[in-house]
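Residue-level structural notes
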Amino acid sequence: MTSEEINTFISADNVHTPDEYRSFIAAVNQQLGIPETQLFREKDFYEAPASTKFHGHFQCGLILHSLLLYKHLAELNDKLGCGYQTVDLWLAALYHDACKVNLYKTSLHNVKGLDGNWTHQVYYQVRSDYVGLGHGVESMAAYMRDFGNSPLYNEEVRDAIRWHMGFSDLSPMDSYNYGAYLERSKLVLLINTADLMAANWDKV
C-alpha cells in the first residue's frame, strides 16, 4: 500500500464502515510489521466516536480522527524534516486516544423538529461506571501494555501519547513537565499540532 493510497483512504469527507477501517488498519500494520495487539482487536476501536458532542461525535469518529491525525503528523514530519519513522508516527496517532475505547455508550433523547413532531435521536455519553487514569496517561498505558516488551517500543512515542493534549489538560506540575518534554522531543509538539488540526480543521 503506497502513501498515496493511504492518504486517499483517509478523508474527513468519506467515512468508511468499521469493517473497512479494520481491514485498512490490518493492511497497513502488516506492511509496517506491527502485530495485532489488544487495541487492534477491540471492536469498539473501529466503532466509537471521538467525543460526545465536539469533534467526531459519530460512529467511527475515533478511528477517523486518529487516522486524520496521522495524516497531518506525517505531513508535518516531512515538511519540517524531523526524520521520524512512519511506524512511530502511525502508532503515536492510533494510540493517542486509546483511552476512549469502550468509554462511551449510546442513549436516546427526544428532539422536536421544525414541523413540531418529536423524534428519538441517538447520542453518546460517557459510561456512568467509567473510572480512568486520565486522558494522556491512560492512552500511554495502552501503548505500554501492547508494546512495552516489543522491539517497536519507542520512548518518544510514549511521551508524545502522554502529552498530546498540550496545555489544555494539565495541572500546574504537569505544565512544568510538559515544557520540559517540549524541549526534549519534537514529536510531542508535532502530535499536539496534528491533533488540533484534525479536530478543528477537519472537524473530526
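Residues numbered from 1 in each chain as written. Predicted model: local features only at pLDDT ≥ 70, side-chain atom pairs only at ≥ 80, totals over all residues. Heavy atoms only, no water.

Considerations on unusual backbone geometry
The phi torsion of most residues other than glycine is negative, and most of the peptide bonds are trans. Notably, N102 is not glycine yet its phi reads approximately 60°, a positive angle. Mapped onto the elements, N102 comes out in the loop between α5 (86–95) and β1 (104–112). Among the residues examined, N102 registers a relative accessible area of 37% and is labelled partly exposed. Its identity is not glycine, yet K203 carries a phi of approximately 65°, on the positive side. (Helix = DSSP H or I, 4+ residues; strand = E, 2+ residues; numbered from the N terminus. Buried < 20%, exposed > 50% of the residue type's maximum accessible area, 1.4 Å probe, protein only.)

Quick notes on helix α7 (residues 155–162)
Among the eight residues of α7, six are classified as buried, and the element is accordingly described as predominantly covered. Residues of α7 that are buried include every one of V157, R158, D159, A160, I161 and R162, and no others.

Some words on the nonpolar core
Generally speaking, a soluble globular protein has its nonpolar side chains buried in company with each other. Ranked by size, the top nonpolar core spans 50 residues in total, and within it F40, W90 and Y95 carry the most contacts. Listed by contribution, the elements that provide at least two residues to this core are α1 (3–9), α2 (18–32), α3 (38–41), α4 (61–80), α5, α6 (135–147), α7 and α9 (186–201). In terms of residue count, the dominant contributor to this core is α4 (10 residues). (Core = buried A, V, L, I, M, F, W, Y, C linked by side-chain atoms within 4.5 Å.)

Considering the packing of α2 against α5
Between α2 and α5, the least distance of the axes is 10 Å, while the angle of their chain directions is 145°. Of the two possible hands of crossing, α2 and α5 adopt the one that is left-handed. Contacts between α2 and α5 pair F24, I25, V28, N29 and L32 from the former with T86, V87, W90 and L94 from the latter. (Axes fitted to C-alpha atoms, helices over the stretch in contact; angles between N-to-C directions. Left-handed = near helix turned anticlockwise from the far one by under 90°. Contact = heavy atoms within 4.5 Å.)

Re the side chain of N192
Looking at the secondary structure, you find N192 in helix α9. Classification of N192 as buried rests on a relative accessible area of 12%. Engagement of the side chain of N192 in a polar contact is seen with the backbone oxygen of H164, the distance being 3.0 Å. (Polar contact = N/O pair within 3.5 Å; in protein donor to acceptor, adjacent residues only side chain to side chain.)

A few points about the environment of S150
As for its placement among the helices and strands, S150 is situated in the loop between α6 and α7. Separated by 39 residues in sequence, S150 and L189 place their C-alpha atoms 25 Å apart. For S150, the side chain forms a polar contact with the main-chain nitrogen of L152, separated by 3.0 Å.

Side note on the pattern of salt bridges
According to the stated counting rule, one finds five salt bridges in the structure shown. K43 serves as the salt-bridge partner of E47, at 2.9 Å between the closest nitrogen and oxygen. We classify K43 as exposed; its relative accessible area is 54%. Close ionic contact of R145 with D146 constitutes a salt bridge, the shortest N to O distance being 2.8 Å. (Salt bridge = Lys/Arg side-chain N within 4 Å of Asp/Glu carboxyl O.)

Points about the packing of aromatic side chains
The full count for this structure, using the stated rule, is 12 aromatic pairs. Seen from their ring centres, F9 and F24 are 4.0 Å apart, and the 15° between their planes marks the pair as stacked. Here F9, found in helix α1, pairs with F24, found in helix α2; they are 15 residues apart in sequence, far enough to count as distant. With respect to class, F9 is no different from F24; both count as buried. Pairing Y70 with W90 gives two aromatic rings, centres 5.1 Å apart and planes at 85°, and the pair type is edge-to-face. With Y70 in helix α4 and W90 in helix α5, the pair connects residues that are 20 residues apart, well separated along the chain. Both residues of the pair, Y70 and W90, count as buried. Following the ring pairs from residue to residue traces out a cluster consisting of F40, F45, Y46, Y95, Y143, F147 and Y153. (Phe/Tyr/Trp six-rings, centres within 6.5 Å; stacked < 30°, edge-to-face > 60°.)

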